[in-house]
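# Report on the structure
For reference, the chains in residue letters:
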Amino acid sequence: MRARLRLILLGLAAFMVALLVVFPAAWVKGLLPPQVSCGSIAGSIWRGQCNALAFSAPGRPALRLDSLDWRLHPLALLRARLQADIVATGNDLAARGEITVSSGGYIEIAGLSGSIGLDHSRLAALPAGWSARADASNFSLGISGGRITALGGVLLARQLRDARGTGFGDFRLEFPRQESAPFRGTLTDSAGPGGGPMQLQSQLVLNADQSWQLGGTVVLRPGSPQVLTAALDQLAPADLNGVRKFSLEGTAR
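Notes on the structure follow. In this numbering scheme, every chain counts its residues from 1 along its sequence in written order. Confidence filtering applies because this is a predicted model: local features only for residues at pLDDT of at least 70, side-chain atom pairs given and counted only at 80 or more, and all residues used for totals across whole chains, interfaces and linings. Hydrogens and water are ignored here; the side-chain numbers use all heavy atoms of the structure.

### Some remarks on the pattern of salt bridges
For this document, the term salt bridge refers to a Lys or Arg side-chain nitrogen within 4 Å of an Asp or Glu carboxyl oxygen. Taken as a whole and assessed by the stated rule, the structure comprises 8 salt bridges. We note a salt bridge from Asp-135 to Arg-158, for which the minimum N-O separation is 2.6 Å. Pair noted here: Asp-135 is in strand E7 (residues 131–144) and Arg-158 is in strand E8 (residues 147–161), with a separation of 23 residues, a long-range link. The rule is simple: take the accessible area with a 1.4 Å probe, protein chains only, and divide by the maximum for that residue type; under 20% is buried, over 50% is exposed, in between is partly exposed. The exposure class of Asp-135 is buried, given its relative accessible area of 15%. Accessibility expressed as a relative area gives 23% for Arg-158, which makes it partly exposed. Counted as one network, the salt bridges with shared partners bring together Glu-108, Arg-177 and Glu-179. In this text, helices come from DSSP runs of H or I with a minimum length of four residues, and strands from runs of E with a minimum of two, each type numbered from the N-terminal end.

Following this line, the structure appears as C-alpha cells:
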C-alpha cells in the first residue's frame, strides 16, 4: 500500500512539474494590472512572448511595444527573486537585458542594451518639436521605493535636433558602476571626425533626493548655429579663448 501511494505521489509530482514547465502564459493574462494590456500571449510562463503590449500612466502617453519576449530563471525563485531575460521591440525601439524583482519591491535592470527614438511625448525634458536618439550600452539600474539605488553604464544621445531641424551633435553620458548615491558621471560631446557644433566637458551628480548638479565647460566650434550661440550666451559668457564655464542644478521630481 505504501509503495503504491509513493508511486502515486511521485506521478503527481512529475505531473505538477511538467505542468509548471509548460504552464501556458495566456492563463495569466487576466492577472495583469489595469495599466498594462497585452493583445496576445504565446508560449509558457517560463518562456513566452506578449504581442501588442501597452503600459499606461495618468497624464502620460502610453508606451507601446510590438512584442516582449521573456525567459525566466527558475533558480532565482529559490532566493525569493523573479528574474528574467527580456527582449523588447516596438516603434523606433529595440532593447534587451535582464530584470530582477526582489522581495520588498527592489527592481534591478542589468546589461541593458538598446536604442529608442525620443521626442517630447516620450521624454518631457525635450522641448516640443525636438528629437534625439538614445542608445544604451551595458547599462544597469537599481530602483527601490521610486528612487535610484544603483547606477552604471553608458548612454548616448545622438542626432539631437530642435524644432527647426538644427543639429546639436551627439553626447555621451557615462557612469561607473555605483551602489549608492550620490552618483557621479561624465557628460561629454561624442563627435566623430569633423566634430559637432560644440565641445562639451562636464560632470553630472545625481543625489539621493533626486536633485542633480551639472558643471563644466563648453566651447563652440567654428560654424556653430547662431541659435546655439545665443542660447549659450545666456548660459555663461565666453572668455578670451571662447571657453564658457557653467553650473546648473535642478531636481528630477
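### Concerning the pairing of strand E6 (residues 107–118)
Of the pairings in the sheet, the one linking strand E5 (residues 93–102) to E6 comprises 8 bridges and is antiparallel in character. Its bridge partner lying in E6, Ala-94 is registered against Ser-115. Between the end of E5 and the start of E6, which pair antiparallel, lie 4 residues, with Gly-104 showing a positive phi angle near 90°. Bridge count between E6 and E7: 9 bridges; the pairing is antiparallel. The residue of E7 that forms the bridge with Gly-114 is Ala-136. DSSP-based pairing: two strands are paired if at least 2 bridges between them are found.

### Section: helix H2 (residues 226–235)
The complete set of buried residues in H2 reads Leu-228, Thr-229 and Leu-232. Buried residues along H2 cover an arc of 100° about the axis, so they all sit on one side. Projecting away from the buried face of H2 at angles above 90 degrees are the exposed residues Gln-226 and Gln-234. Here the buried face of H2 lies against strand E11 (198–206), strand E12 (211–220) and strand E13 (243–251). Arc definition: directions from the helix axis to the C-beta atoms. Two residues form a contact once any of their heavy atoms are found within 4.5 Å.

### A closer look at the packing of aromatic side chains
Only Phe, Tyr and Trp rings take part, Trp by its six-membered ring, and two of them pair if their centres are within 6.5 Å. Stacked means planes under 30 degrees apart, edge-to-face means over 60, and tilted covers everything else. Scanning the entire structure with this criterion turns up 1 aromatic pair. Centroid distance Trp-130 to Phe-168: 5.2 Å. Interplanar angle 0°. Geometry classified as stacked. Note that Trp-130 is positioned in the loop between E6 and E7 and Phe-168 in the loop between E8 and strand E9 (171–178), a separation of 38 residues in sequence. When its relative accessible area of 7% is taken as the criterion, Phe-168 is described as buried.

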